[in-house]
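Letter by letter, the chains look like this.
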Amino acid sequence: MFAGVLNKGIRGGIGLLLLIVSCYSVILLFSLKNLETSSYPDLFYNYFLKFVNSKYLILLVNLISLTISLVLVSSICTDEEIVDKNNFFPFFLYAFLSLVSLNASQINSQLITNVFILYTIKQLVASYRKEHALNQIFLAAFWLSLSAFFTMTSIVAFPLFFIVLVILRNFSLKEWVVALIGFAAPIFIYECIAYLINFNRWYFIQAFKLYFNSLTVPSFSEYYLPLLFLLLILLLVSIVAFLFSGFGNTIKKQKMNSLLLWYIFFSIFGFFSGGANSSKIILIYCFPISVFVGEFMFLMKQQKITNTIITLLLFCLSIIAGAMYNLV
């Protein structure tokens, strides 16, 4: 049932996705309790979050961030030919996993950070085989650096940025210098403003130290454990399947899949970051999981297996939703 709908692409799957988003949004608005809250002292929480208390406004901001992310996921996966153009599964999975990670009483900084990271990936992938790509590289570095002001977990993507450059492009000193300027620009602009208004100076350096000093084992909500276990199994099976199939039928797909493996590796630091919990971990790994598992499900010949996977995902969603109303 589900596989047949999603295999039709966006025309078939968008209705199912909108139904899930609408129902879960209502569940969030009227939930009796929050299962998890973020306590990491990012700049975003230190200053801006205290002004937003309305559940409706919080949900609106989160859904806007999710919508922008989905546009970027669609652009990366289909426009850049990372997956088949008719493959709606990565789009669906990214929306599903982001939705499950939302909190009715808190704007999700990791969800907003993912927008910047996805935009960075889009610019880098778009630079592949381009002779002149300084503009894309600067924009990618600039927005990735800016994302660290929302949550410091994105700094794990800083070294990944240069690994991606090595994977996608031949070495160019000019491009690396432009990238470094792109990383430095938001920090320089922020420090100039902070100096003029005498507000939270040297934030980036202090937050950088705090991030590595606060690495610890994440806290898991028992209600998220079934979903986390299912996602781990699906990710491992998908990666193994890709390894046996040659990691893609084009050089660009192979490079992109290699990029995603590096993404997973460097996200280990995000896994152990201070304040990390189940929902934040899901969001950190959301994009690579969506691409690997989404492509695996799209290529699955037996629709019964695909339907079983989606049914299990919805069952995990129902556990989380039920816990919000003290039903589990």
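My aim in this report is to walk through the structure given alongside it, one point at a time. Since we're looking at a predicted model, the values are computed, not measured.

Quick look at the overall build of the protein
If you tally the helices and strands in the protein, you get 16 helices and zero strands. Summarising its shape, the C-alpha atoms of the protein cover approximately 55 × 50 × 35 Å along the three principal directions. Considering the protein as a whole, with its 328 residues, one finds that 56% of them fall into the buried category. Sequence-distant contacts in the protein: of pairs separated by 6 or more residues, those separated by 24 or more amount to 82%. Within the structure as shown, the protein displays about 15200 Å² of accessible surface, and the carbon and sulfur contribution to it stands at 70%. In the protein, which carries 19 positive and 11 negative side-chain charges, the distance between the mean positions of the two groups comes to 2 Å.

Considering the nonpolar core
One finds F161, M256 and F287 to be the most contacted residues of the largest nonpolar core, which totals 104 residues. Ranked by residue count, the leading element in this core is helix α5 (residues 89-100), at 10 residues. Leaving out residues up to four positions away in the same chain, F287 has contacts with V73, I76, C77, Y94, L118, I121, M256 and L260. Among the nonpolar cores identified, the runner-up in size contains five residues, and V52, I107, I112 and F116 belong to it.

As for the packing of aromatic side chains
Tallied over the entire structure, the rule returns 18 aromatic pairs. Aromatic pair F92 and F96: ring centres 6.3 Å apart, planes at 25 degrees, arrangement stacked. Of the two residues, F92 and F96 both sit in helix α5, four residues apart, roughly one turn of that helix. Across the pair, F96 and F92 agree in class, each one buried. One aromatic cluster in this structure is built from F116, Y119, F138, F142, W143 and F150.

Describing a nonpolar patch on the surface
Residues F208, F212, L215, V217, W262, F265, I268, F269 and F272 make up a contiguous nonpolar surface patch of about 810 Å² in total accessible area. Of all elements in the fold, only α10 (203-213), α12 (251-266) and α13 (268-271) reach the threshold of two or more residues within the nonpolar patch. As for its placement among the helices and strands, L215 is situated in the loop between α10 and α11 (225-245).

Some remarks on the state of the cysteines
A full pass over the atoms with the stated rule returns zero disulfides. Left without a disulfide partner, C23 is nearest to the cysteine sulfur of C316, which lies 18 Å away. Looking at the unpaired C286, the closest cysteine sulfur is the one in C77, lying at 11 Å.

Here we look at unusual backbone geometry
We note that N326 has phi near 60 degrees; this positive angle belongs to a residue other than glycine. Mapping N326 onto the fold places it in the segment after α16 (303-324).

Calculation notes
- Residues numbered from 1 in each chain as written.
- Predicted model: local features only at pLDDT ≥ 70, side-chain atom pairs only at ≥ 80, totals over all residues.
- Heavy atoms only, no water.
- Helix = DSSP H or I, 4+ residues; strand = E, 2+ residues; numbered from the N terminus.
- Buried < 20%, exposed > 50% of the residue type's maximum accessible area, 1.4 Å probe, protein only.
- Contact = heavy atoms within 4.5 Å.
- Areas by Shrake-Rupley, 256 points an atom, 1.4 Å probe, with all protein chains shown as cover.
- Lys, Arg positive; Asp, Glu negative; His and termini not counted.
- Charge placed at Lys NZ, Arg CZ, Asp CG, Glu CD.
- Core = buried A, V, L, I, M, F, W, Y, C linked by side-chain atoms within 4.5 Å.
- Phe/Tyr/Trp six-rings, centres within 6.5 Å; stacked < 30°, edge-to-face > 60°.
- Patch = residues over 30% accessible without salt bridge, like charges linked within 9 Å, V, L, I, M, F, W, Y side chains within 5 Å.
- Salt bridge = Lys/Arg side-chain N within 4 Å of Asp/Glu carboxyl O.
- Disulfide = S-S within 2.5 Å.

These figures come from the coordinates and say nothing about function on their own.
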